[in-house]
Amino acid sequence: MPSLLVVDDEANVLYSLSKSLRSETLDVETAVTARQAIDLVQRHPPDVVILDVRLPDMSGLDAFDCIRQLDPRLPVIIITAYSTTETAIEAMKRGAFEYLLKPVDLPQLRELLARALELSRLRHVPAVFEEEERPAGQAIDLIVGRSAAMQGVYKTIGRVAPQDVSVLIEGESGTGKELVARAIYQHSRRSQAPFLAINCAAIPEPLLESELFGHERGAFTGADRRRIGKFEQANGGTIFLDEIGDLSIASQPKMLRLLQEQQFERLGGNQVIQTDVRVIAATNQNLDPLVASGRLRQDLYYRLKVFTIQLPSLRERQDDLPLLVEHFVKLLSPVLGKKISSIAPEAMQLLNAHDWPGNVRELQSVIKYALVQASGEVVSPDCLPENIRLPSARQGPSVRELETESGGHLRTEDETVDVGRLVNSLLQSGEPEIYRKVCLAVDRVVLNAVLRHVHANQVHASELLGISRTTLRAKLRSLGLAIEKQLFSDPDQAE
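Residues numbered from 1 in each chain as written. Predicted model: local features only at pLDDT ≥ 70, side-chain atom pairs only at ≥ 80, totals over all residues. Heavy atoms only, no water.

Peer 1: Before we move on, can you summarise helix α15 (residues 359-373) with the specific residues and values?
Peer 2: Its 15 residues give α15 an end-to-end C-alpha distance of 21 Å, which sits within 8% of 21 Å, the value for a rise of 1.5 Å per residue. Buried within α15 we find N359, V360, E362, L363, V366, I367, A370 and L371. Those residues of α15 hidden inside the fold are in contact with α13 (321-335), α14 (345-353), β16 (378-379) and α16 (386-389). (Helix = DSSP H or I, 4+ residues; strand = E, 2+ residues; numbered from the N terminus. Expected span 1.5 Å × (residues − 1). Buried < 20%, exposed > 50% of the residue type's maximum accessible area, 1.4 Å probe, protein only. Contact = heavy atoms within 4.5 Å.)

Peer 1: Tell me about the sheet that holds strand β10 (residues 238-242), and name the residues and values.
Peer 2: A sheet is described by the order of its strands in space; here five strands give the open sequence β9-β10-β13-β8-β14, paired in parallel fashion. The open sheet has two edge strands with one neighbour each: β9 (195-199) and β14 (307-310). Here the strands of the sheet are splayed against their neighbours by 15° on average, with no regard to which way each runs. Sheet strands in contact with helix α6 (residues 148-160) are β8 (167-170), β13 (278-283) and β14, and its direction is about 160° off that of β14. (Pairing = 2+ DSSP bridges. Axes fitted to C-alpha atoms, helices over the stretch in contact; angles between N-to-C directions.)

Peer 1: Describe unusual backbone geometry, with residues and values.
Peer 2: With an omega of -5°, the peptide bond between K102 and P103 qualifies as cis. Looking at the secondary structure, you find P103 in the loop between β5 (98-101) and α5 (106-124). Although it is not a glycine, N359 adopts a positive phi angle of roughly 60°. By the element assignment, N359 lies in helix α15.

Peer 1: Which residues make up the packing of aromatic side chains, and what values go with them?
Peer 2: Two measures describe an aromatic ring pair: the distance that separates the ring centres and the angle between the ring planes. Taken as a whole and judged by the stated rule, the model has four aromatic pairs. On the basis of an interplanar angle of 25° and a centroid distance of 5.4 Å, the ring pair of F213 and F231 is categorised as stacked. One end of the pair, F213, is in helix α8 (residues 205-213); the other, F231, is in helix α9 (residues 230-233), and 18 residues separate them in sequence. Like F213, the residue F231 is buried in the burial classification. Grouped by ring-pair contacts, the aromatic residues F213, F231 and F264 constitute a single cluster. The positively charged end of K230 is found above the aromatic ring belonging to F97, 4.9 Å away from the centroid. (Phe/Tyr/Trp six-rings, centres within 6.5 Å; stacked < 30°, edge-to-face > 60°. Lys NZ or Arg CZ within 6 Å of the ring centre and 35° of its normal.)

Coordinates in, geometry out; function isn't part of it.
Laid out in structure tokens, this is it:
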């Protein structure tokens, strides 16, 4: 169970925070002095620390330094009751996770704590290759696969991890890009330094630059105090930038300078900040069209892809499917309170027949669903989700098949999808997997429109959609669509 250490000399604060934050999934310990806290961190390392700035026996900054010496990867959230927050800001510059002003806003603290706990897991839980010796009694995230494609990935990770260069990880959604990034970090010379993960697509564009590089007070409306960015916090460590293709145009020049010179300026400031951070980036998009359209700077693109790792889709390593199924059954059965011994051959045949557009992440969800449904020790075909058992269920609801016309055009009787109406219809009918079915319906209309616009040329379609041709083909297969090559006068046009 994850654990939290709250350090504050005010009894009412300790009581309030421990009572509010303790749960069935989180253990909370408390300390009233810095030395007591340091002793607890040394004897029973927590996953996250909440640390008050002013303590009776030592300043919060000194206490933070001692905690960092014990574990530089431990996320520490600073809290202070004083409007002068220079001490907290200094702690942030030295690597604190975040700081909050008292009285603490509980929903904000809970959200921050959830992020810190996830970050702690990413830093401390090793991403281990299947062939590696596993740490006894330690939680791990296993990278599973013995196919030739995955063996190539393992060799590449081994070559690049010790080298202090930028890495770009490419692959479809659900192929395990974050696991590979963590494996690179944990096998690098920076493995004992901080590791921060940022999803560029999950942070609103106006806030992303501040999140990465920080800002000065008054830099924009609402900037009531200085903020230390992730590149300053992670000095000496590694930053993983997921969905790098969604990096805002405004942030790209600063990112380029950081990669070139390890220097940047906070938003609204003119002080040059020197840092030492390794950047690992990931994308599920084909970045070449973004460069061609000017949405991604070419010089930044080349700086990011000093070394590239291409992750295969699950379709490209089908031989690994039995291994992955076995792995997820063993991993998830205890969590769900099940004692599953095997997968029925008929169920395995259905799993082998599926195209897996969502890759390993989709497979994990399917196995979890099947384990919940299973009543015995064997997963039978009827335990699998409908879209696996019945190929027709993959087509999505209330959307007709695309039909080919002369000249290679595609048309459909459904030119638009009323998403709200479709969701309400599925809710009223009690349909499962609403999100997947709505996405299929929308994908069908979008792909139809784009393919018709480019006369079914998949190269042009992937460029307009901002996805790779591999992803486009996977989506076409998941929708049951096919573009016949004989529709084209030029054979190369079909590709």
